[in-house]
Amino acid sequence: MITVVGAGTGAPVAADVLAGARLVVGGRRHLSAAPVPEGAEQVVLGALAPALDVIERHLDEQGRVVVLASGDPGFFGIVRVLAERFGAQRLDVRAGVSSVAAAFARLGVPWDDAVVVSAHGRDLRTAVHVCRARPKVAVLTGPGAGPAELGAALRGDSRVLVVASALGSADERVERVTPAEAAARDWGPAVSVVLCLDEARAVGGVRSVAGPPPGPAQWALDEGEFTHRDSMITKFEVRALALARLGPRLGDLVWDVGAGSGSVAVECARLGAAVTAVEKSLDGVERIGANAAAHGVDVRVVHGAAPAVLAELDAPDDPDAVFVGGGGRELPEVVTVCARRARRTVVVAMAALDRVPAARAALTGAGFDCDGVLLQSSRLAPLPGDVTRLAATNPVFLLWGVRSPVRTEEGVPL
């Protein structure tokens, strides 16, 4: 049997939990603070594979093994690895208070509606995009993905970072900083968790289901749900297919280039993505902000004309998906720039059919598999005498490119 004990957020490890252990595995600080039995072998957790091999040897010899971990070891912790290697039935887990629960408790803020994302040993970009998209996020940090790096990526966003360090110890610190302040500091190795908050929405209402709010019940909303100018808005039929091809989801970054009213940007944000909307007109920028606020989502708006303004969007922020609206002379160049940087998908909406070949060439030239469709819908419209006619909308060509997966020599997608 492997006894897994959550420690390090305030409660000491009881001596009886360790009594009779032949092997005790844990971080250096956990081992130094615990009453490890005399004669027990100790393994400091570093690389997991050697530690797991030692645990297996002791189990084969019928030795008792104790693993010391931080907080709740079943929450982004070592329980998953141990269960996969040895089977869940061989684990006796004594959970402590997780660093996430402890950090929110220090603030007196409920966390049943928080999103928790781990950047420990993972790409920081997912955590950054979740922080931009949601008002209450806990980020489990690691080397190269700590408060400074997170703050640098979120600089300019209306968020507060709460950095909780050495939780449960005499050196515990819980500090509120702006992203810019976080980016300017060396935080050291004692950071337990970083909370990223929109403090105006940090408390929230009564919940029945934990975690982030469910996705929207509807999408491809009616044009009347948005403020727009002279019907200059992506129609809901076009939006429906565009959203299906973009596939926006939590942890993604989506660009809406030539955003106009921002209807596509807002819909992607409602589906959980972080969104940057690019718009060249000042009144359009204001409309996008108003539409985002009306739907309760965060959309970063960049004022400027594409493709030039796209160079201002930092390379680490390369988008997962891009929607390109409008259809000026610069469209092929805009599509070319977006295709170079998009990780997954580019979707282009065009009213002018003669723009299609150049846009398609830009996508295929960047290595995308390309497809498209002409959308021409007719909506029900009333006529005098309580009868109905079909009113045609303007046809729109929707073109999309999907980046071809890189394959190994055996043909397996990477």
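Our subject is the structure listed above.
For the structure given in this document, a descriptive report is provided here. Note that this is a predicted model, so its numbers are computed, not measured.

So, how was this worked out
Residues numbered from 1 in each chain as written. Predicted model: local features only at pLDDT ≥ 70, side-chain atom pairs only at ≥ 80, totals over all residues. Heavy atoms only, no water. Pairing = 2+ DSSP bridges. Helix = DSSP H or I, 4+ residues; strand = E, 2+ residues; numbered from the N terminus. Disulfide = S-S within 2.5 Å. Axes fitted to C-alpha atoms, helices over the stretch in contact; angles between N-to-C directions. Buried < 20%, exposed > 50% of the residue type's maximum accessible area, 1.4 Å probe, protein only. 1 Å grid on protein atoms, 1.4 Å probe; cavity = no way out; pocket = protein on both sides within 12 Å on 5 of 7 lines; lining within 4 Å. Points joined across faces, edges and corners; volume = space filled by probe spheres on them. Nonpolar A, V, L, I, M, F, W, Y, C, P; charged D, E, K, R; others polar. Phe/Tyr/Trp six-rings, centres within 6.5 Å; stacked < 30°, edge-to-face > 60°.

1. A word on the pairing of strand S18 (residues 387-392)
At step 1: Sheet topology places strand S17 (residues 378-383) next to S18; six bridges connect them, and they run antiparallel. Residue pairing for S18: Ser378 is matched across the bridge by Ala392.
At step 2: Adjacent in sequence and paired antiparallel, S17 and S18 are bridged by three residues, among which Gly385 carries a positive phi angle near 90°.

2. Focus: the state of the cysteines
At step 1: Under the criterion given, the structure shown has zero disulfides.
At step 2: No disulfide involves Cys196; its nearest neighbouring cysteine sulfur is the one of Cys131, lying 3.8 Å away.
At step 3: Here Cys268 is not cross-linked by a disulfide; its sulfur's nearest cysteine counterpart is in Cys338, at 13 Å.

3. Here we look at the sheet that holds strand S1 (residues 2-7)
At step 1: Reading across from one edge, S3-S2-S4-S1-S5 is the order of the five strands in this open sheet, with parallel pairing throughout. Each edge of the open sheet is held by one strand with a lone partner, namely strand S3 (41-44) and strand S5 (91-94). Neighbour to neighbour, the strand axes of the sheet diverge by 20° on average, direction disregarded.

4. Examining the pairing of strand S10 (residues 191-197)
At step 1: Counted residue by residue, S10 has six buried out of seven residues, so it is predominantly covered.
At step 2: Of the strand pairs in this sheet, strand S7 (residues 136-140) and S10 are connected by four bridges, and their pairing is antiparallel. Paired with Ala138 across the two strands is Leu195, which belongs to S10.
At step 3: Across six bridges, strand S8 (residues 160-165) lies against S10 in antiparallel orientation. Within the sheet, the bridge partner assigned to Ser165 lies in S10 and is Val191.

5. Observations regarding empty space enclosed by the protein
At step 1: Within the structure shown, the criterion is met by one cavity of 30 Å³ or more.
At step 2: What lines the largest cavity is simply Lys235, Glu237, Val238, Leu375, Gln376, Ser377, Thr393, Asn394 and Val396.
At step 3: Of the residues that constitute the lining of the largest cavity, the class distribution is three nonpolar, four polar and two charged.

6. Concerning the packing of aromatic side chains
Geometrically, a pair of aromatic rings is defined through the distance of the ring centres and the angle of the planes.
At step 1: In this structure the tally under the stated criterion is three aromatic pairs.
At step 2: With centroids separated by 5.5 Å and ring planes inclined at 90°, the aromatic side chains of Phe75 and Phe76 adopt a geometry described as edge-to-face.
At step 3: The class for Phe75 is partly exposed, based on a relative accessible area of 27%.
At step 4: Where Phe104 meets Trp111, the ring centres are 6.3 Å apart and the plane angle is 5°; that geometry is what we call stacked.

Everything listed here is a matter of coordinates, which is why it stays silent on function.
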